[in-house]
Amino acid sequence: MNPVLALARPDILELQPYQHAKWDPSLERLHANEMPWRAQGDNTQAGLNRYPEPQPRALVERMARLYDVPAANVLVGRGSDEAIDLLVRAFCRAGADSVVITPPTVGFYKVAARIPGAGVIEVPLLRDSFALDTPAVLEAGRCAKIVFLCSPNNPTGNLLDEAALLGLCRELAERALVCVDEAYIEFAARTSLTARLAEFPNLVVLRTLSKAYALAGARLGTLIASEEIVSLLKRIIPPYAIPASTVEQVLALTETPQRAIAAARIRTLLEERETARQRLARMPCVVRVHPSDANFLLVQFRDARQALEAGKLVGLLVRDFSSTPGLANCLRISIGTPEQNERLLAALERA
């Protein structure tokens with residue numbers, strides 16, 4: 001048994017999972033209180049009048065192939081947000097357990113911990129480089145159940161040092177989960193940490209179709225971890241979590257031709273990112289363009305509000321992080337189409 005399971009809430013380990021209505025595809029269904037007729041206009045293959053599989057086999061197998069991991073190590077959910085929520089609920093007791101986050105980073109880690117009453121230990125990234133303060137994270141991790149790390153990090157855009165991430169996994173073995181959120185890894189010059197799962201049983205990796213595969217609206221995220229952790233989380237994930245329409249759309253839109261299109265778009269986006277970086281760095285209104293391994297740039301302006309308004313005047317909205325500690329006058333600019341990028345850059349140059 002994975003020793004990390006000893007970190008889980010005892011009541012979750014003992015929990016009897018919800019018993020969903022199982023079926024035999026060879027038999028007609030009169031066992032799940034479903035409407036026997038499709039809704040008018042329902043053109044889905046499975047029929048929206050029928051409940052989907054709790055963890056659709058075809059979808060799990062597709063994600064396993066996409067991320068080059070065994071299907072037993074895959075849990076699919078409604079975006080990475082659901083995976084984050086499940087981890088906190090499975091491992092953290094209200095008022096007793098904590099998670100570690102490294103701001104500035106994804107805000108949902110903190111929200112997901114606070115909702116069920118878990119504590120949050122904040123270990124800020126190093127101010128100049130946004131690198132991990134590894135000794136401080138390790139010290140905090142020894143007092144927590146989960147360490148949430150985003151690499152490439154959002155909103156700063158930088159990859160976290162791989163040796164530091166694996167070192168944390170090693171030092172926190174049997175002490176805490178190390179959850180690495182790789183939402184932007186397709187835009188970085190680094191392979192996923194999923195190849196190290198067998199070596200580190202406390203490692204959890206989050207992947208998403210929202211960014212590189214242009215499927216943010218499908219809300220499909222994948223948690224990749226040891227088989228024991230995946231089995232534990234299956235106890236508490238809501239039944240029939242993935243809509244049948246999402247399953248069909250994701251299967252259709254992650255076929256080989258679509259993956260080739262995604263790869264070509266990523267190459268274009270990376271070229272656009274570099275062009276934007278160079279032009280922004282030459283602008284008098286810009287103090288610093290932070291290095292990025294993601295599909296966005298974090299830019300410090302002399303006057304972020306003026307830059308934000310310049311974008312709005314040409315119909316474009318970027319994200320203002322000026323109120324975030326350590327990110328004064330910083331805007332996060334998502335890389336768009338070449339036309340959108342040119343429109344924004346020209347507006348900032350005029351400003």
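What you are looking at is a predicted structure, and each value in this text was computed from that prediction instead of being measured.

Caption draft 1: Here's a closer look at the overall build of the protein chain. Each helix and strand in the protein chain was counted, giving 11 helices and 11 strands. The C-alpha atoms of the protein chain give 22 Å as radius of gyration, which agrees with the globular expectation for 351 residues (20 Å, within 12%). C-alpha atoms of the protein chain, sized along the principal axes, occupy 70 × 55 × 30 Å. A total of 351 residues make up the protein chain; the buried ones form 53% of that total. Partitioning the intrachain contacts of the protein chain with sequence separation of at least 6 by distance along the chain shows that 68% fall at a separation of at least 24. Element-wise, carbon and sulfur atoms account for 52% of the exposed surface of the protein chain, whose accessible area totals about 16900 Å². Between the mean site of the 40 positive side-chain charges and the mean site of the 39 negative ones, the protein chain shows a separation of 3 Å.

Caption draft 2: Here's a closer look at the packing of aromatic side chains. Evaluated as defined, the whole model comprises three aromatic pairs. Between Y51 and Y240 the ring centres are 4.5 Å apart and the planes differ by 20°, which places this aromatic pair in the stacked class. Here Y51 is found in the loop between α1 (10-13) and α2 (57-67), whereas its partner Y240 is found in the loop between α7 (227-234) and α8 (244-253), with 189 residues between them in sequence. The class for Y240 is buried, based on a relative accessible area of 17%.

Caption draft 3: Fine view of the packing of helix α9 (residues 256-281) against helix α11 (residues 338-350). Relative orientation of the contacting elements α9 and α11 amounts to 5°, with a least axis distance of 11 Å. Considering their axes alone, α9 and α11 lie roughly parallel with respect to each other. For the pair α9 and α11, contact is made by E272, A276, R279 and L280 and by P338, N341, E342, L345, A346, L348 and E349, respectively. In terms of residue class, the contact of α9 with α11 is made up of six nonpolar, one polar and four charged.

Caption draft 4: Fine view of helix α5 (residues 134-141). Among the residues of α5, those classed as buried are V137, L138, A140 and G141. For α5, the angular spread of the buried residues around the axis is 165°, confining them to a single face. In α5, the exposed positions that point more than 90 degrees away from the buried face belong to P135 and E139. Buried residues along α5 sit in contact with β2 (98-101), β3 (119-122), β4 (146-150) and α6 (162-171).

Caption draft 5: Local environment of the pattern of salt bridges. Taken as a whole and judged by the stated rule, the model has 21 salt bridges. Across the salt bridge formed by R89 and D85, the nearest N and O atoms sit 2.9 Å from each other. With R89 and D85 both in helix α3 (residues 79-91) and four residues apart, the pair spans about one turn of that helix. In this structure R89 comes out as partly exposed when scored by relative accessible area, which is 29%. Look at the salt bridges and you will find they share partners, linking R29, E34 and R50 into a network.

Caption draft 6: Spotlight on the pairing of strand β1 (residues 74-77). Neither face of β1 is left uncovered, since the one carrying V74 and V76 and the one carrying L75 and G77 both have all their residues buried. Pairing of β1 with strand β7 (residues 221-224) involves four bridges; the strand directions are antiparallel. Within β7, the residue paired with V76 across the bridge is T222.

Caption draft 7: Here's a closer look at the sheet that holds β2. If you walk across this open sheet you meet the seven strands as β1-β7-β6-β5-β4-β2-β3, and the pairing is mixed. Every interior strand has two partners, whereas the edge strands, β1 and β3, have only one. Put simply, the sheet's adjacent strands are angled 20° from each other on average, direction ignored. Across the sheet, α6 touches β4, β5 (177-181) and β6 (203-208), and the angle it forms with β5 is around 155°. On the sheet, α7 packs against β1, β5, β6 and β7 and is oriented at approximately 35° with respect to β1.

Caption draft 8: Region of interest: the packing of α2 against α8. Between α2 and α8, the shortest axis-to-axis distance is 10 Å and the interhelical angle comes to 35°. Note on packing geometry: the crossing formed by α2 with α8 is left-handed. Together, A58, L59, R62 and M63 of α2 and V247, V250 and L251 of α8 make up the contact between the two elements. For the contact of α2 with α8, a count of residues per class yields six nonpolar, no polar and one charged.

Caption draft 9: Layout of the environment of V205. Considering the arrangement of structural elements, one finds V205 in strand β6. On the basis of relative accessibility, which here comes to 0%, the residue V205 falls in the buried class. In this view, V205 contacts V180, E182, S192, L193, T194, T222, L223 and I224; residues no more than four positions away in its chain are not counted.

Caption draft 10: Unusual backbone geometry, seen in detail. With an omega dihedral of 0°, the bond running from P103 to P104 counts as a cis peptide bond. By the secondary structure assignment, P104 is in the loop between β2 and α4 (108-114). Look at the link from N154 to P155: it is a cis peptide, with omega at 20°. Mapped onto the secondary structure, P155 falls in the loop between β4 and α6. With a phi angle near 55°, N33 is a residue other than glycine that sits in the positive phi range. Counting through the fold element by element, N33 comes out in the loop between α1 and α2. With phi around 60°, N329 is a residue other than glycine that occupies positive phi space. With respect to the element layout, N329 can be found in the loop between β10 (319-320) and β11 (330-334).

Here is what the cut-offs are and how they apply
- Residues numbered from 1 in each chain as written.
- Predicted model: local features only at pLDDT ≥ 70, side-chain atom pairs only at ≥ 80, totals over all residues.
- Heavy atoms only, no water.
- Helix = DSSP H or I, 4+ residues; strand = E, 2+ residues; numbered from the N terminus.
- Rg over C-alpha atoms; globule rule 2.2 N^0.38 Å.
- Buried < 20%, exposed > 50% of the residue type's maximum accessible area, 1.4 Å probe, protein only.
- Contact = heavy atoms within 4.5 Å.
- Areas by Shrake-Rupley, 256 points an atom, 1.4 Å probe, with all protein chains shown as cover.
- Lys, Arg positive; Asp, Glu negative; His and termini not counted.
- Charge placed at Lys NZ, Arg CZ, Asp CG, Glu CD.
- Phe/Tyr/Trp six-rings, centres within 6.5 Å; stacked < 30°, edge-to-face > 60°.
- Axes fitted to C-alpha atoms, helices over the stretch in contact; angles between N-to-C directions.
- Parallel < 35°, antiparallel > 145°, perpendicular 65-115°, else oblique.
- Nonpolar A, V, L, I, M, F, W, Y, C, P; charged D, E, K, R; others polar.
- Arc of directions from axis to C-beta.
- Salt bridge = Lys/Arg side-chain N within 4 Å of Asp/Glu carboxyl O.
- Pairing = 2+ DSSP bridges.
- Left-handed = near helix turned anticlockwise from the far one by under 90°.

Read these as geometric descriptors, not functional statements.
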